[in-house]
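If you want the building blocks of each chain, they are given just below.
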Amino acid sequence: MRLWFARILIGVVIAWNLQAALAFFLSPGTFATGFELSGIPGLAAMRGIAVLFVMWNVPYVMAAWQPQRHSLSLLEALVMQFIGVSGETVILLTLPPGHAVLQGSIQRFLTFDACGLAVLALAMWLARKQNQDVSQ
C-alpha cells in the first residue's frame, strides 16, 4: 500500500511537470511576458523550458514505476527538485528592484518546485525499504 501511495505522489509531480510543459509549449506567449521576454526569442525560450520540463521527468517516471527498485531515480528526482528550489531562491533574492512581474514568475516556480520537493520527499519516505530484521 505504501508503494502505491508513493507511486501516486510521484505521478502527481510528473503530471504537474507535464502540464506545465504542455502549457509552455502550446501557449508560450502567455508566459514569455512573465519573464520579461518578447517576440520570437521569448516564444523559443518558453518552448525550450517546456522541453526541459519533459526531459527532467525521466527519473520521475522510473521512480514511479518501481520506487524501491529505482530508488536512485527517486533520489535524483528529489535532488533535482532541491536544486530547483535553491536556484530559484538565489535568483529571486538577487533580482534588482523594479522587476515585479519577473519576481512573481520566479516566485510561482519556487512554490511549484517547493511543493514538488515536499511531495517527492514524502514519496521517498513511503518507498523506503523496511528493515526486515527487527530482532536487533
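What counts and how
- Residues numbered from 1 in each chain as written.
- Predicted model: local features only at pLDDT ≥ 70, side-chain atom pairs only at ≥ 80, totals over all residues.
- Heavy atoms only, no water.
- Helix = DSSP H or I, 4+ residues; strand = E, 2+ residues; numbered from the N terminus.
- Polar contact = N/O pair within 3.5 Å; in protein donor to acceptor, adjacent residues only side chain to side chain.
- Contact = heavy atoms within 4.5 Å.
- Phe/Tyr/Trp six-rings, centres within 6.5 Å; stacked < 30°, edge-to-face > 60°.
- Buried < 20%, exposed > 50% of the residue type's maximum accessible area, 1.4 Å probe, protein only.
- Core = buried A, V, L, I, M, F, W, Y, C linked by side-chain atoms within 4.5 Å.
- Expected span 1.5 Å × (residues − 1).

### What about the side chain of Q81?
Item 1. Secondary-structure assignment places Q81 in helix α5 (residues 71–94).
Item 2. Engagement of the side chain of Q81 in a polar contact is seen with the side chain of Y60, the distance being 2.7 Å.
Item 3. Those residues in contact with Q81 that sit more than four places away from it in its chain are V13, N17, Y60, D113, G116, L117 and L120.

### A closer look at the packing of aromatic side chains
Item 1. Applying the stated criterion across every chain yields a total of eight aromatic pairs.
Item 2. Between F24 and F109 the ring centres are 6.0 Å apart and the planes differ by 90°, which places this aromatic pair in the edge-to-face class. Placement of F24 in helix α1 (residues 2–26) and of F109 in helix α6 (residues 100–127) is noted, with a sequence separation of 85 residues between them. Taken as a pair, F24 and F109 share a single burial class, namely buried.

### Observations regarding the nonpolar core
Item 1. Grouped together as the largest cluster of nonpolar side chains are 16 residues, with contacts concentrated most on I10, Y60, L74 and L120.
Item 2. When residues of this core are traced back to their parent elements, those giving at least two are α1, α4 (58–65), α5 and α6.
Item 3. Beyond its immediate sequence surroundings of up to four residues, Y60 is in contact with I10, V13, I14, N17, A77, M80, Q81 and L120.
Item 4. With 15 residues, the next largest nonpolar core counts A50, L92, L95 and L110 among its residues.

### A closer look at α1
Item 1. An ideal rise of 1.5 Å per residue puts 36 Å on 25 residues; α1 measures up with 36 Å between its terminal C-alpha atoms.
Item 2. If you check which residues of α1 are buried, you get A6, R7, L9, I10, V13, I14, N17, A20, A21 and F24.

### A closer look at the environment of V51
Item 1. Position of V51 among the secondary structure elements: in helix α3 (residues 39–56).
Item 2. The exposure class assigned to V51 is partly exposed, which follows from its relative accessible area of 41%.
Item 3. Each C-alpha atom of the pair V51 and A127 lies 28 Å from the other, and the pair is 76 residues apart in sequence.

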